[in-house]
Amino acid sequence: RLLLVGAATLPWTFFSTAFSEAANSLIANSNLLTKVYFPRLIVPASTIIVCLIDFLISLAILLVLMAVYRFAPGVHVVLLPVFLLLALVTALGTGTLIAALNVKYRDFRYVVPFLVQFGLYVSPVAFSSTDVLGHPDLPALAKWFYMLNPMVSVIDGFRWCLLGGAATVYWPGFAVSAGVSVFLLVAGLRRFRRTERSFADVI
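The model shown is predicted, which means the values in this text are computed figures rather than measured ones.

A. The environment of D54, seen in detail. Tracing the backbone shows D54 in helix α4 (residues 42-68). Along the primary structure D54 and L10 are separated by 44 residues, whereas in three dimensions their C-alpha atoms are 10 Å apart.

B. Structural view of the side chain of S181. The topology assignment puts S181 in helix α10 (residues 171-195). Its relative accessible area of 1% is what places S181 among the buried residues.

C. Examining unusual backbone geometry more closely. Phi at R70 is positive, roughly 55 degrees, even though this residue is not glycine. As for its placement among the helices and strands, R70 is situated in the loop between α4 and α5 (80-104).

D. Focus on the environment of P73. With respect to the element layout, P73 can be found in the loop between α4 and α5. Once the C-alpha coordinates of P73 and T195 are considered, the two residues, 122 residues apart in sequence, prove to be 45 Å apart. Excluding anything up to four places from it in sequence, P73 contacts M66, C161 and L162.

E. How the structure looks around a nonpolar patch on the surface. A cluster of nonpolar residues, V111, F114, L115, F118, Y121 and V122, forms a patch on the protein surface that exposes about 580 Å² of accessible area. Taking relative accessible area as the criterion, F118 reaches 47% and is therefore assigned partly exposed.

F. A look at the nonpolar core. Ranked by internal contacts, the top residues of the largest apolar core, which has 42 residues, are F14, F158 and L162. When residues in this core are grouped by element, the largest group, 12 residues, is from helix α1 (residues 2-23). Once residues within four sequence positions are removed from consideration, L162 is found in contact with A7, L62, L63, M66, F71, P73, V77 and L80. Of all hydrophobic cores here, the second largest spans 8 residues; its members include L33, V43, A99 and A100.

G. Representation of the environment of T94 in the model. Mapped onto the elements, T94 comes out in helix α5. With relative accessibility at 14%, the residue T94 sits in the buried group. Measuring from C-alpha to C-alpha, the distance between T94 and A23 comes to 7.7 Å, with 71 residues separating the pair along the chain. In terms of polar contacts, T94 uses its side chain to reach the backbone carbonyl oxygen of T90, at 2.7 Å.

H. Expanded view of helix α6 (residues 111-122). Here α6 is 12 residues long and its end C-alpha atoms lie 17 Å apart, about the 16 Å a rise of 1.5 Å per residue gives. For α6, every residue scored as buried is listed here: V112, V116 and G119. Take α6 and look down its axis: the buried residues cluster within an arc of 65 degrees, on one side only. For α6, the exposed residues set more than 90 degrees away from the buried face come down to P113, F114 and Y121.

I. Fine view of the packing of aromatic side chains. Scanning all chains against the criterion turns up 10 aromatic pairs. When the ring of W12 is compared with that of F15, the centres are 5.6 Å apart and the planes differ by 45 degrees; the resulting orientation is tilted. Of the two residues, W12 and F15 both sit in helix α1, 3 residues apart, roughly one turn of that helix. Their ring planes at 85 degrees and their centres at 5.8 Å tell us that F55 and F158 sit as a pair that is edge-to-face. Of this pair, F55 sits in helix α4 while F158 sits in helix α9 (residues 150-163); the two residues are 103 residues apart in sequence, bridging distant segments of the chain.

What counts, and at which threshold
Residues numbered from 1 in each chain as written. Predicted model: local features only at pLDDT ≥ 70, side-chain atom pairs only at ≥ 80, totals over all residues. Heavy atoms only, no water. Helix = DSSP H or I, 4+ residues; strand = E, 2+ residues; numbered from the N terminus. Buried < 20%, exposed > 50% of the residue type's maximum accessible area, 1.4 Å probe, protein only. Contact = heavy atoms within 4.5 Å. Patch = residues over 30% accessible without salt bridge, like charges linked within 9 Å, V, L, I, M, F, W, Y side chains within 5 Å. Areas by Shrake-Rupley, 256 points an atom, 1.4 Å probe, with all protein chains shown as cover. Salt bridge = Lys/Arg side-chain N within 4 Å of Asp/Glu carboxyl O. Core = buried A, V, L, I, M, F, W, Y, C linked by side-chain atoms within 4.5 Å. Polar contact = N/O pair within 3.5 Å; in protein donor to acceptor, adjacent residues only side chain to side chain. Expected span 1.5 Å × (residues − 1). Arc of directions from axis to C-beta. Phe/Tyr/Trp six-rings, centres within 6.5 Å; stacked < 30°, edge-to-face > 60°.

Distances and angles like these do not, on their own, reveal function.
Right, dumping it as structure tokens:
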């Protein structure tokens, strides 16, 4: 049970921290944006890279914990970078989108903690997706709506890669989550690029 929660907490912590830091990165570096010109996308992207380094440290700790429990990951672990990439794309897409909106509409910074907290409850961190997808009384439409959350497939993927048979991945749902992540990335980057030139004027 500890490893099940640990394998889920790892990607969620990375995403939530990267999203929060990227969303507030432009406001936090407002003095730099008004004095020096450089590609503004560097600001949110750099915060995500820092969070990626923290993630690698946390992953090492989890692997040590798995060694203590004498639990070795199977061959599925080679696909771990795929799910990490999905988390990174989701964080960058949502982070740049909120960062661009945050510059013009300052109240968005108060929305970020709510989104992170809400996302924690609707993502399978403290529970397993099989509890949702395997529920006999839950309509099929509700299950597909559940899979629209990209972090569902990311967390399930991390558990599957690290714990093997102790977790499963619903691959049609993974395709849906990947599509949502790409959509968020495109939407976030388009919004960011459209408002980038006015950042120094309104920040």
